[in-house]
Amino acid sequence: LGQAASFDPEIAEKGARVSAIEASSLGIRWTFAPMIDISRDPRWGRIAESCGEDPYLTSVMGSAMVKGFQGDSLSNSTSIAACAKHYVGYGAVEGGRDYNETMITERQLRNVYLPPFEAAVKQGAATFMTSFNSNDGIPSSGNPFILKTVLRKEWNFDGFVVSDWASIKEMVTHGFCADDKEAAMKAVNAGVDMEMVSGTYVNNIKALIKEKKVSEETINEAVRNILRIKFRLGLFDNPY
């Protein structure tokens, strides 16, 4: 928020470049940033992590951060993969309560909350992270409209999508899934390529394939998306 208050994208880019140089020096090649949620409710505790309330400013600053993290080429040893988060609408949670639900119309989504993420794709962001919130009852980690229709088909994103911390398992808490197995099925079929923390994929996907609830091609596509970024980072040439 402090960087955004400068209205100076060069500062944001330089800050991200320094972060990338320092992190990559220790072998870290991926960061969970920039956080480009539009935030208009001061009750939400993560508002200081965002660039604030304006879609245009957030788009410009977020793009600058992506450029700083990733440099001229992901294969450069000082570049780290950016991760645009939280996709999408996390900053609009009801009552400012973290992990809560949202009720954002498609018009609001396209005019307010999606533009910074589209800008991140245009800047070449390597990865995206799904958000914790549900919108109109559908959690982001199980939402094919935002993950397939918008991100893949409309914006032609070819990186990979990672869940936020246990957000796939939390689809059960949202009442969207009966159990972890259904959560894994809905998330991978919706387009979440990699799961963070909760383990529903590793514990259930093999059985879901046998039951023909998840296709092998769906898994192959997720693997392709992940490997594509690893190759671009040069990890198979220089893993350390």
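Scoring rules and cut-offs
- Residues numbered from 1 in each chain as written.
- Predicted model: local features only at pLDDT ≥ 70, side-chain atom pairs only at ≥ 80, totals over all residues.
- Heavy atoms only, no water.
- Buried < 20%, exposed > 50% of the residue type's maximum accessible area, 1.4 Å probe, protein only.
- Helix = DSSP H or I, 4+ residues; strand = E, 2+ residues; numbered from the N terminus.
- Arc of directions from axis to C-beta.
- Contact = heavy atoms within 4.5 Å.
- Disulfide = S-S within 2.5 Å.
- Salt bridge = Lys/Arg side-chain N within 4 Å of Asp/Glu carboxyl O.

Chemist: Please explain helix α9 (residues 200-210) as it appears in this structure.
Modeler: Every α-helical turn comprises 3.6 residues, leaving residues that sit three or four positions apart pointing alike. Those residues of α9 not exposed but buried are Thr200, Tyr201, Asn204, Ile205 and Leu208. The buried side chains of α9 occupy one side of the element, clustering within an arc of 120° when seen end-on. Across from the buried face of α9, at angles greater than 90 degrees, the exposed residues are Val202, Asn203, Lys206 and Lys210. Of the surrounding elements, those touching the buried residues of α9 are α8 (180-190) and α10 (216-232). At the exit of α9 stands Lys212, carrying a positive phi of roughly 60°.

Chemist: So what exactly am I meant to see when it comes to the state of the cysteines here?
Modeler: Linking two cysteines covalently via their sulfur atoms produces the bond known as a disulfide. On inspection of all chains with the given rule, the structure shows zero disulfides. With no disulfide of its own, Cys51 lies closest to Cys83 among cysteine sulfurs, the gap being 15 Å.

Chemist: Looking at this structure, I do not really get the pattern of salt bridges. What am I missing?
Modeler: Where charged atoms of side chains with opposite charge meet at close range, the side chains can pair. Under the counting rule described, the total for this entry stands at 15 salt bridges. As a salt-bridge pair, Glu49 and Arg46 come within 2.9 Å of each other at their nearest N and O atoms. One salt bridge connects Glu221 with Arg224, and the closest N-O pair in it is separated by 2.9 Å. Separated by three residues within a single helix, Glu221 and Arg224 lie in helix α10, roughly one turn from each other. Judged by its relative accessible area of 37%, Arg224 falls in the partly exposed class. Taken together, the shared-partner salt bridges in this structure form one network comprising Arg46, Glu49 and Lys85.

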